[in-house]
Amino acid sequence: MAVTKPLHFIQQVRAEVAKVVWPTRREVMLTTVMVFILAALTAVFFALVDIVIRGGLQYVLNMFG
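Quick caveat: nothing in here was measured; it's all calculated off a predicted structure. Every chain is numbered independently, its residues counted from 1 as its sequence is written. Confidence filtering applies because this is a predicted model: local features only for residues at pLDDT of at least 70, side-chain atom pairs given and counted only at 80 or more, and all residues used for totals across whole chains, interfaces and linings. In computing side-chain properties, one takes all heavy atoms of the structure into account and sets aside hydrogens as well as water.

Asker: What is the right way to look at the overall build of the protein in this model?
Answerer: For the purposes of this entry, the term helix denotes a DSSP run of H or I that reaches at least four residues, the term strand denotes a run of E that reaches at least two, and both are numbered from the N terminus. In terms of helices and strands, the protein carries 2 helices and 0 strands. Our radius of gyration looks at C-alpha atoms and nothing else; its globule reference is 2.2 Å times the residue count to the power 0.38. For 65 residues, the compact-globule estimate of 2.2 N^0.38 gives 11 Å, and the C-alpha radius of gyration of the protein, at 26 Å, exceeds that figure by more than 25%. In terms of overall dimensions, the protein has a C-alpha envelope of 75 × 35 × 10 Å along the principal axes. Across the 65 residues that make up the protein, the buried fraction comes to 0%. The classification of residues rests on relative accessible area computed with a 1.4 Å probe and restricted to protein chains. Under 20% of the type maximum is buried, over 50% is exposed, and intermediate values are partly exposed.

See below:
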């Protein structure tokens with residue numbers, strides 16, 4: 001493994017950070033809103049699946065009970 005001098009390492013880190021394309025405020029807001037919408041849709045989906053499974057299980061248990 002190559003040994004790097006601390007000053008050289010810091011220069012390399014700064015060069016790499018300069019290459020990063022940071023998102024705009026609009027992009028951050030849009031992706032945040034999309035995450036919340038998808039989380040809400042997922043919650044609704046699993047709530048509906050839960051209701052269907054619970055109803056089917058109650059139906060089966062009522063048939064034998």
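Back to the text.
Asker: Honestly, a nonpolar patch on the surface in this entry has me stumped. Any pointers?
Answerer: Where nonpolar side chains cluster on the molecular surface, the patch consists of Phe9, Ile10, Val13, Val17, Val20 and Trp22 and spans about 580 Å² of accessible area. Among the secondary structure elements, Val13 is positioned in helix α1 (residues 6-19). A patch consists of residues exposed above 30% relative accessible area that lack any salt bridge, with like charges linked at up to 9 Å and nonpolar side chains (Val, Leu, Ile, Met, Phe, Trp, Tyr) linked at up to 5 Å. In short, Shrake-Rupley with a 1.4 Å probe defines the accessible areas, and a residue's cover is counted only from the protein chains shown. In the sections that follow, a salt bridge refers to a side-chain nitrogen of Lys or Arg positioned within 4 Å of a carboxyl oxygen of Asp or Glu.

Asker: Before we go on, may I ask you to explain the packing of aromatic side chains in this structure?
Answerer: The description of an aromatic ring pair rests on the distance of the ring centres and on the angle between the ring planes. Pairing of aromatic rings covers Phe, Tyr and Trp, the last counted by its six-membered ring, and requires centre-to-centre distances within 6.5 Å; plane angles under 30 degrees mean stacked, over 60 mean edge-to-face, and any other angle means tilted. Inspection of every chain in the model, using the stated rule, returns 1 aromatic pair. Relative to Phe46, the ring of Phe45 lies with its centre 5.2 Å away and its plane at 70 degrees, an arrangement referred to as edge-to-face. Phe46 gets classed as exposed once you look at its relative accessible area, which sits at 52%.

Asker: Looking at this structure, how should I read the pattern of salt bridges?
Answerer: Oppositely charged side chains are able to pair whenever their charged atoms sit close together. Summed over all chains, the structure comprises 2 salt bridges. A salt bridge links Lys19 to Glu16; the shortest N-O distance between them is 3.2 Å. Here Lys19 pairs with Glu16, and both are found in helix α1, just 3 residues apart, close to one helical turn. A residue is classified by how much of its surface remains accessible, and Lys19, at 58% relative accessible area, is exposed.

Note that every value here comes from positions in space, so none of it alone points to a role or purpose.
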